[in-house]
Amino acid sequence: MACAVTGGAYLIQMDPYYFVRTVVFELSLCIMTLFMYASSNIQNKLSYDDKEHPGRFFGVYLIGILCAFVFVWLPVLGWMFLFFYIALSVVSNQTTGIISATSLLVLTAMLRDVSFTTFLVFFISGIIGSVLISGIGKEFKIGIPIALSLAFQLLLMFAGDVLLQNKKIGWEDAVIPVTNMILNCIVIWLFLQLYSAKVAHKEDNLYQMITDPEYEAMLQLKDEKNDLYKQSLHSAFLVERICSVLQLDNKAAKCAAYYQHFDADQLECYPIPEHASELIKQLKHGPRKMVEKEAIIVYICDITIKTILYITKQAHEKEINYERVIDTLFEKQFPTLLFIHTDISLRDIEFIKSKLIEEKMYYDFLR
């Protein structure tokens, strides 16, 4: 940052007093940026796994410093600070993103010596963009926040700069602001799509890969222990349905249902996410060591499917009373006292039982 200020001041032949003023302002904001990032890191307030990857934030910030230096020689309405307000907020958090992006804006504004109104145009539009993008949630629905951010920036540009030129507005006055909006839209959309794929939904993509029945681990299980392969697939189906209704981590639970029968040495060869690994660990230690609801649901569904597969194989074409089978399992295999030390409630246990009884048609399909 100091190099950018010094280089910019030298190239534009800035007055020494203005140079000192710019350095003081920038250093203050840089120190505050570093403090906020460090504080957020310590308090675990950074988004997703950004705590383990500080290069994301500092990489975007470094690019921002270079761009802030270049913006000095561009038309004011061509400045693309909205992207940096949004990007820096995404790779850290809202407060850190706003402070760091403002330090970039102040650098360009002071080297260019623009009016306070021009500064406010980009400052306010940046804050709006940062606030809107912070509400995208885990689903990462970015369309409306991006559209509103760009619309507010365009409105502020016309209200704060174009209108103040005190002349009739023509199409030529809209060229730079509209071009800015289009370029910002493209860059922001590309950045958020990349972040979504590589960071926000990285675990979702991983779950999708390793819970594919055609994944190498499952094909290996199919070749070596076909009965366990079928048992895992069918229990995972029930687990996913039940966990989805109870609003639990159905992806981790489904993964645990797939991989609970693998040996510890085998599991090390596959990229099992942390939560799924914890559930598998609880399942291997037995029901009395289970704590999380997802682990208990996997345990119940797995034994239920194992029992039904055995009964259907023995019964051949005879009619099976699945409700009686499940009632007997819950009475003998899953007594309430077995789960008294866990997070699961009696109401949850009754719900799981009722959902398993409802799947009679699915059990007929297994035959």
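Just so it is clear, the structure is predicted and the values come from calculations on it, not from any experiment. (Residues numbered from 1 in each chain as written. Predicted model: local features only at pLDDT ≥ 70, side-chain atom pairs only at ≥ 80, totals over all residues. Heavy atoms only, no water.)

Engineer: Any chance you could explain the packing of aromatic side chains here in plain terms?
Structural biologist: Counted by the stated rule, this structure contains 23 aromatic pairs. With centroids separated by 5.8 Å and ring planes inclined at 90 degrees, the aromatic side chains of Trp-79 and Phe-81 adopt a geometry described as edge-to-face. The residues Trp-79 and Phe-81 share a single accessibility class, namely buried. Relative to Tyr-195, the ring of Phe-191 lies with its centre 6.3 Å away and its plane at 25 degrees, an arrangement referred to as stacked. One end of the pair is Phe-191 and the other is Tyr-195, both in helix 8 (residues 171–200) and four residues apart, which spans about a single turn. Here Phe-191 matches Tyr-195 in class, with each residue buried. An aromatic cluster of three or more residues is present, and its members are Tyr-37, Phe-57, Phe-58 and Tyr-61. (Phe/Tyr/Trp six-rings, centres within 6.5 Å; stacked < 30°, edge-to-face > 60°. Buried < 20%, exposed > 50% of the residue type's maximum accessible area, 1.4 Å probe, protein only. Helix = DSSP H or I, 4+ residues; strand = E, 2+ residues; numbered from the N terminus.)

Engineer: So what exactly am I meant to see when it comes to the confidence of the model for the chain here?
Structural biologist: In regions of low pLDDT, the predicted coordinates are not meant to be interpreted in detail. Of all residues in the chain, 90% attain a pLDDT of 70 or more, and the chain-wide mean is 86. Within the chain, helix 4 (residues 81–90) carries the highest mean pLDDT (95), whereas helix 1 (residues 2–11) carries the lowest (53). (pLDDT = per-residue confidence, 0-100.)

Engineer: Quick question: what am I supposed to make of helix 3 (residues 54–71) here?
Structural biologist: Residue pairs spaced three or four apart in an α-helix point in one direction, given the helix's 3.6 residues per turn. For helix 3, spanning 18 residues, the distance from its first C-alpha to its last is 26 Å, which sits close to the expected 26 Å at 1.5 Å a residue. Along helix 3, the residues that are buried comprise Phe-57, Val-60, Tyr-61, Gly-64, Ile-65, Ala-68 and Phe-71. With its buried residues spanning 150 degrees around the axis, helix 3 presents them on a single face. Of the exposed residues in helix 3, those oriented more than 90 degrees away from the buried face are Gly-55, Leu-62 and Leu-66. (Expected span 1.5 Å × (residues − 1). Arc of directions from axis to C-beta.)

Engineer: Would you explain the nonpolar core in this entry?
Structural biologist: For soluble globular proteins, the rule of thumb is that nonpolar side chains tend to be buried together. Core analysis: the biggest nonpolar cluster contains 57 residues, and Tyr-259, Tyr-299, Ile-300, Phe-339, Leu-356 and Tyr-363 have the highest contact counts within it. Excluding residues within four positions of it along the chain, Phe-339 makes contact with Ile-296, Tyr-299, Ile-300, Phe-334, Ile-344 and Ile-349. Judged by nonpolar contacts, the second largest core, of 49 residues, contains Tyr-37, Tyr-85, Leu-192 and Val-199. (Core = buried A, V, L, I, M, F, W, Y, C linked by side-chain atoms within 4.5 Å. Contact = heavy atoms within 4.5 Å.)

Engineer: I keep staring at the side chain of Ser-39 and nothing clicks. Help me out?
Structural biologist: Within the secondary structure, Ser-39 sits in helix 2 (residues 16–42). Assessed through its relative accessible area of 19%, Ser-39 is described here as buried.

Engineer: Sorry if this is basic, but what is going on with the state of the cysteines here?
Structural biologist: Here a disulfide denotes one covalent bond, and it connects the sulfur atoms of two cysteines. According to the stated counting rule, one finds zero disulfides in the structure shown. Between Cys-67, a free cysteine, and Cys-30, which holds the nearest cysteine sulfur, the sulfur-to-sulfur gap is 15 Å. Cys-185 takes part in no disulfide bond, and the closest cysteine sulfur to it belongs to Cys-67, at a distance of 18 Å. Under the relative-accessibility criterion, Cys-185 is labelled partly exposed at 32%. (Disulfide = S-S within 2.5 Å.)

Engineer: How should the pattern of salt bridges be read in this particular structure?
Structural biologist: Close approach of charged atoms allows side chains of opposite charge to pair. All told, the structure shown has eight salt bridges when counted by the stated rule. A salt bridge links Arg-56 to Asp-49; the shortest N-O distance between them is 2.8 Å. Judged by relative accessible area, which is 17%, Asp-49 ranks as buried. Within the structure, one salt-bridge network assembled from shared partners comprises Asp-49, Asp-50 and Arg-56. (Salt bridge = Lys/Arg side-chain N within 4 Å of Asp/Glu carboxyl O.)

Engineer: I keep staring at the packing of helix 16 (residues 322–332) against helix 17 (residues 346–358) and nothing clicks. Help me out?
Structural biologist: Each pair of packed helices can be described by the angle between their axes along with the distance between the axes. With their axes 9 Å apart at the nearest point, helix 16 and helix 17 run at an angle of 155 degrees to one another. Classified by the angle between their axes, helix 16 and helix 17 sit roughly antiparallel to one another. Where helix 16 crosses over helix 17, the handedness of that crossing is right-handed. Residues Glu-323, Ile-326, Asp-327 and Phe-330 of helix 16 form the contact with helix 17, whose participating residues are Ile-349, Ile-352, Lys-353, Leu-356 and Ile-357. A breakdown of the residues in the contact of helix 16 with helix 17 according to their chemical character gives six nonpolar, no polar and three charged. (Axes fitted to C-alpha atoms, helices over the stretch in contact; angles between N-to-C directions. Parallel < 35°, antiparallel > 145°, perpendicular 65-115°, else oblique. Left-handed = near helix turned anticlockwise from the far one by under 90°. Nonpolar A, V, L, I, M, F, W, Y, C, P; charged D, E, K, R; others polar.)

Engineer: Looking at this model, I keep getting lost on a nonpolar patch on the surface. Mind explaining?
Structural biologist: A surface patch of nonpolar side chains, about 590 Å² in accessible area, is lined by Val-178, Ile-182, Leu-183, Ile-186, Val-187, Trp-189 and Leu-190. Inspection of the secondary structure assignment puts Trp-189 in helix 8. Under the relative-accessibility criterion, Trp-189 is labelled partly exposed at 44%. (Patch = residues over 30% accessible without salt bridge, like charges linked within 9 Å, V, L, I, M, F, W, Y side chains within 5 Å. Areas by Shrake-Rupley, 256 points an atom, 1.4 Å probe, with all protein chains shown as cover.)

Engineer: Any chance you could explain the packing of helix 11 (residues 226–245) against helix 17 here in plain terms?
Structural biologist: Where helix 11 meets helix 17, the closest approach of the two axes is 11 Å, and the angle between their N-to-C directions is 135 degrees. It follows that helix 11 is oblique to helix 17 by the angle criterion. The two elements helix 11 and helix 17 meet at a crossing, and its hand is right-handed. Residues Leu-238, Ile-242 and Val-245 of helix 11 touch helix 17, and the partners they reach there are Phe-351, Ile-352, Lys-355 and Leu-356. When the residues that make up the contact of helix 11 with helix 17 are grouped by side-chain class, the tally is six nonpolar, no polar and one charged.

Engineer: I'm lost on the environment of Phe-351 in this one. Help?
Structural biologist: For Phe-351, the position within the fold is in helix 17. Its relative accessible area of 23% is what places Phe-351 among the partly exposed residues. Taking C-alpha positions, Phe-351 is 9.2 Å from Leu-246, a pair spaced 105 residues apart along the chain. The contacts of Phe-351, once residues within four sequence positions are left out, are Ile-242, Val-245 and Leu-246.

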